4 protein chains.
Amino acid sequence: MKELKTTTHFTVRFSEVDSMNITWHGSYVSFFEDAREAFGKEYGIDYLTIFGNGYYAPLVDIHIEYKSPLIYGDEGIIEITYKDCEAAKLQFEYEIFNAKNGKLVAKGSTTQVFLDKDYNLVLYPPKFFMEWKIKNKLIEQ
Amino acid sequence: MKELKTTTHFTVRFSEVDSMNITWHGSYVSFFEDAREAFGKEYGIDYLTIFGNGYYAPLVDIHIEYKSPLIYGDEGIIEITYKDCEAAKLQFEYEIFNAKNGKLVAKGSTTQVFLDKDYNLVLYPPKFFMEWKIKNKLIEQ
Amino acid sequence: MKELKTTTHFTVRFSEVDSMNITWHGSYVSFFEDAREAFGKEYGIDYLTIFGNGYYAPLVDIHIEYKSPLIYGDEGIIEITYKDCEAAKLQFEYEIFNAKNGKLVAKGSTTQVFLDKDYNLVLYPPKFFMEWKIKNKLIEQ
Amino acid sequence: MKELKTTTHFTVRFSEVDSMNITWHGSYVSFFEDAREAFGKEYGIDYLTIFGNGYYAPLVDIHIEYKSPLIYGDEGIIEITYKDCEAAKLQFEYEIFNAKNGKLVAKGSTTQVFLDKDYNLVLYPPKFFMEWKIKNKLIEQ
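Residues numbered from 1 in each chain as written. Chains lettered and ligands numbered in written order. Predicted model: local features only at pLDDT ≥ 70, side-chain atom pairs only at ≥ 80, totals over all residues. Heavy atoms only, no water.

(A) View of the side chain of Asp46 of chain C. Residues and elements named next belong to chain C. Tracing the backbone through its elements, the reader meets Asp46 in the loop between α1 (27-43) and α2 (47-52). Among buried charged residues, Asp46 stands out as having no salt bridge; its nearest opposite-charge side chain is Lys41, 5.9 Å away. Ignoring sequence-local partners within four residues, the contact set of Asp46 consists of Glu37, Gly40 and Lys41. (Helix = DSSP H or I, 4+ residues; strand = E, 2+ residues; numbered from the N terminus. Buried < 20%, exposed > 50% of the residue type's maximum accessible area, 1.4 Å probe, protein only. Lys, Arg positive; Asp, Glu negative; His and termini not counted. Salt bridge = Lys/Arg side-chain N within 4 Å of Asp/Glu carboxyl O. Contact = heavy atoms within 4.5 Å.)

(B) Looking closely at the pairing of strand β5 (residues 89-98) of chain B. Residue and element names in this part refer to chain B. Where strand β4 (residues 75-82) and β5 come together, seven bridges link them in antiparallel fashion. Note that in β5 the partner of Gly76 across the bridge is Asn98. Linkage of β4 to β5, two consecutive antiparallel strands, is achieved through a turn of six residues. Across nine bridges, the pairing between β5 and strand β6 (residues 104-113) is antiparallel. In the strand pairing of β6, Ile96 is matched with Ala106. Hairpin remark: β5 followed by β6, antiparallel, with five residues in the connecting loop; positive phi at Gly102, about 75°. (Pairing = 2+ DSSP bridges.)

(C) Structural detail: the side chain of Asn98 of chain B. Residue and element names in this part refer to chain B. Relative to the helices and strands, Asn98 is located in strand β5. Its relative accessible area of 7% is what places Asn98 among the buried residues. Beyond its immediate chain neighbours, meaning those up to four positions away, Asn98 contacts Leu70, Asp74, Glu75, Lys103 and Val105.

(D) How the structure looks around the pattern of salt bridges. Tallied over the full model, the rule gives 37 salt bridges over all chains. Between Glu16 of chain A and Arg13 of chain D there is a salt bridge, and its shortest N-O distance comes to 4.0 Å. Pair noted here: Glu16 of chain A is in the loop between β1 (5-11) and α1 (27-43) and Arg13 of chain D is in the loop between β1 (5-11) and α1 (27-43), and the two residues belong to different chains. Taking relative accessible area as the criterion, Arg13 of chain D reaches 16% and is therefore assigned buried. A salt bridge links Asp84 of chain D to Lys133 of chain D; the nearest nitrogen and oxygen atoms lie 2.9 Å apart. Of this pair, Asp84 of chain D sits in the loop between β4 (75-82) and β5 (89-98) while Lys133 of chain D sits in helix α3 (residues 127-135), and the two are 49 residues apart along the sequence. On the accessibility criterion, Lys133 of chain D (3% relative accessible area) is buried. One continuous salt-bridge network, built from bridges that share partners, spans Arg13 of chain A together with Glu16 and Asp34 of chain D.

Dropping the structure here:
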């Protein structure tokens, strides 16, 4: 099975740093979100595509482990990997590295479910999502 | 004419402080927003009331002057005053004081316009807004 | 063993809601932080006390599960419970409920470690932390 | 006199959009901050350079006018222009355009002062700042 992965870069903003002079832990939620969106754009499963197919994909789970801090101005490299499963879920794993020294900065995961436009939970993978899996060789037709 | 004013308190959060150990300037946008919402609830012109009457009221102008810093854990007192005008606008002025010593921390102003649900600018004050003004003795019937 | 727990309330801000009209998942990091700080103030282990004793206590792990959404203006009740362990760590568990109907909104956990002022990881529980545990009957003298 | 100007691009993040489906007005404070930092890096007057010379440069004034909204995924082009003055101040003007149609999205200004490391206001332009002006032909030697 093909592994779907996107790598992006970011630079820590002044407003993302806390009074300990390190990147505030909450900022990583946005780093993950940016990575997810970059992945979505590369593989055709971004927020607007999901929405255009009639669904929302809210997060139901996020887990972040902080390994070493990034300070203001540091560049981070974030790798996001899609983790396929049979359920009607979008699962991703993340690793952030310090661009300067390659050190692992943080790792984590997110899980999203699908809601229809009336905010009802979708129990089976939507058709467009199955087609997306086939197109990306995650499952065989 | 009656002056409409609301006073609320807030405590500076850890995540609102920057690496200079003072409240990040961008956090004041949220302090203003909280004050506007407290005013709206007290006088019946909050976001959901405006929305329920068929309008959005986005900001078109914000001005903030920073006079003395608040640090983490400091308590701020924010006074918001409604500034009536004849146009289809919501105008507010703000003053933030340090609860510890009464010192002026910041002052500013915001202007909001009305959009209908199709996001068209409303040129004349909406009926519910005129009724709100009459009810609050800002204009005479 | 006594269970240390704090309960606080919050109201969802306009700026905390996303374009799905529900509270943005990242906002919960701040809700947890606010709860942690309320706990810290109630039990004498807040950020400034830790800092005053010569330590930082950065997060090394956060986990959030989202169960049902809060919308703009909703009131949330957050319960934070201290989970004692032998390591030099601060561990908390969180539950957020919808004040309107008591429904579980989210649950999660955080882990913090201690760093000294030179940002070195502290391997043994600091003296002030052990004294805090004794004072709060988490361990016997 | 040479005009110092930097142009950068940004894409509106999901978390920057509010429940009106437009970019939350507070997000522009970060757009301005990013532009200021890009300018600082291009011309050698970024936050870390200022800090390395012994100063902080906190904002004392921000003014933003919102002209037309950006929605999620829109690309913005931001132009930041340095406005020289004789006082010990850093003044910038900003214009944001919609990359799709060139429409003006927002404009504004910021003013920063210099504080020394003890947080005292600096009344005369610091030496490194005067040298920076000379180097950039804003004043003659």
